[in-house]
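This is what each chain is made of:
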Amino acid sequence: MATAIVGAPLVIDARIGDVIRIKENAAPDLAAGRARLYVTADVLALIRGSSALPTRISYLADVPLDSRGKVPKLKKQRVLLFARAVANRPGEVQLTGIDSQYLWTPELDARTRGIIREVLASDAPPAITGIGNAFHVPGALPGEGETQVFLKTANGAPISLQILRRPGERPHWGVSLGDIVDPNAGAPKRDTLAWYRLACGLPKTLPDSAVNAETSDNAEAARQDYQLVLRDLGPCA
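So, a few notes on the structure that sits alongside this text. Keep in mind it's a predicted model, so treat the numbers as computed, not measured.

Right, let's get into the nonpolar core. Counting 39 residues, the largest nonpolar core has Leu151, Leu161, Leu198, Leu202 and Leu206 as its most contacted members. The element contributing the most residues to this core is helix α4 (residues 216-233), with seven residues. Contacts of Leu206, omitting those with residues within four sequence positions, involve Ile131, Ala134, Val149, Val211, Ala222, Arg223 and Tyr226. Grouped together as the second largest cluster of nonpolar side chains are 18 residues, Leu10, Ile16, Ile57 and Val93 included.

We now examine the side chain of His136. Of note, His136 is situated in strand β7 (residues 128-138). Residue class for His136 comes out buried when judged on its relative accessible area of 9%. There is a polar contact of 2.7 Å between the side chain of His136 and the side chain of Thr147. Filtering out sequence-adjacent residues up to four positions away, His136 remains in contact with Gly145, Glu146, Thr147, Glu214, Asn218, Ala221, Ala222 and Asp225.

Attention now goes to the environment of Gln101. When you line up the elements, Gln101 lands in strand β6 (residues 101-103). Along the chain, Gln101 and Leu80 lie 21 residues apart, while their C-alpha atoms are 5.9 Å from each other. Sequence-distant contacts of Gln101, defined by excluding residues within four places in its chain, comprise Ile16, Tyr59, Ala61, Val63, Leu74, Val79, Leu80, Leu81 and Leu95.

With the rule as written, the count across this model stands at two aromatic pairs. Relative to Tyr102, the ring of Phe82 lies with its centre 5.7 Å away and its plane at 85°, an arrangement referred to as edge-to-face. Of this pair, Phe82 sits in strand β4 (residues 78-85) while Tyr102 sits in strand β6, and the two are 20 residues apart along the sequence. Summarising the aromatic geometry, the rings of Phe135 and Phe150 are spaced 6.2 Å apart at their centres and angled 25° between planes, so their arrangement reads as stacked. Of this pair, Phe135 sits in strand β7 while Phe150 sits in strand β8 (residues 145-153), and the two are 15 residues apart along the sequence. Relative accessible area serves as the criterion here: at 27%, Phe150 is assigned to the partly exposed category. Arg78 extends its terminal NZ or CZ atom over the ring of Trp104, reaching a point 3.7 Å from the ring centre.

What counts, and where the lines are drawn
Residues numbered from 1 in each chain as written. Predicted model: local features only at pLDDT ≥ 70, side-chain atom pairs only at ≥ 80, totals over all residues. Heavy atoms only, no water. Core = buried A, V, L, I, M, F, W, Y, C linked by side-chain atoms within 4.5 Å. Buried < 20%, exposed > 50% of the residue type's maximum accessible area, 1.4 Å probe, protein only. Helix = DSSP H or I, 4+ residues; strand = E, 2+ residues; numbered from the N terminus. Contact = heavy atoms within 4.5 Å. Polar contact = N/O pair within 3.5 Å; in protein donor to acceptor, adjacent residues only side chain to side chain. Phe/Tyr/Trp six-rings, centres within 6.5 Å; stacked < 30°, edge-to-face > 60°. Lys NZ or Arg CZ within 6 Å of the ring centre and 35° of its normal.

In structure tokens form, the structure reads like this:
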């Protein structure tokens, strides 16, 4: 969902008018268990997009068939569309992916608008392109220590992770956006832009190059702390 929101130049709140099923022999690359539809819809609101849209738009959508192998009833349904404009065709849009039409709900609407506000903010967390370096500092007590992981980003803006362990306490980690490492920073809330950037941008393992200056014990501790972050974030779904 977050991937669709972040990657769509247009986010449209619409109500479906007419639906026409396209015959399979005229729908190349149609996935099994889906039907290709030609949809016209009335625009209720343009949530994201810099240019005006006509009040009625059309687009193609590959929708899953229901349990009976039938096309679901979509006429008059309110939907959120994640799309891009079609050059020289102002009344047409193209969905950005196979699952870029969602039935509208208040929760989905609020989540979408919240992420878009974050995306358009001047201090929006940038896309993560890799890991810079990481280090681990053991504490004075067994099981105590701190790991810092510095990330590479698409625009060069600094982002770092801090993982703190204390005996008898649950490990704490946070993310700092900026040059200053904030020891009190917490983990981002799920379905925020910062969560999406981490969950979908971090590699699955800490690369050896990030910890090649560490002792083997400290490097292993850093790897374990990094895995803790990935488990807490959960999958990029």
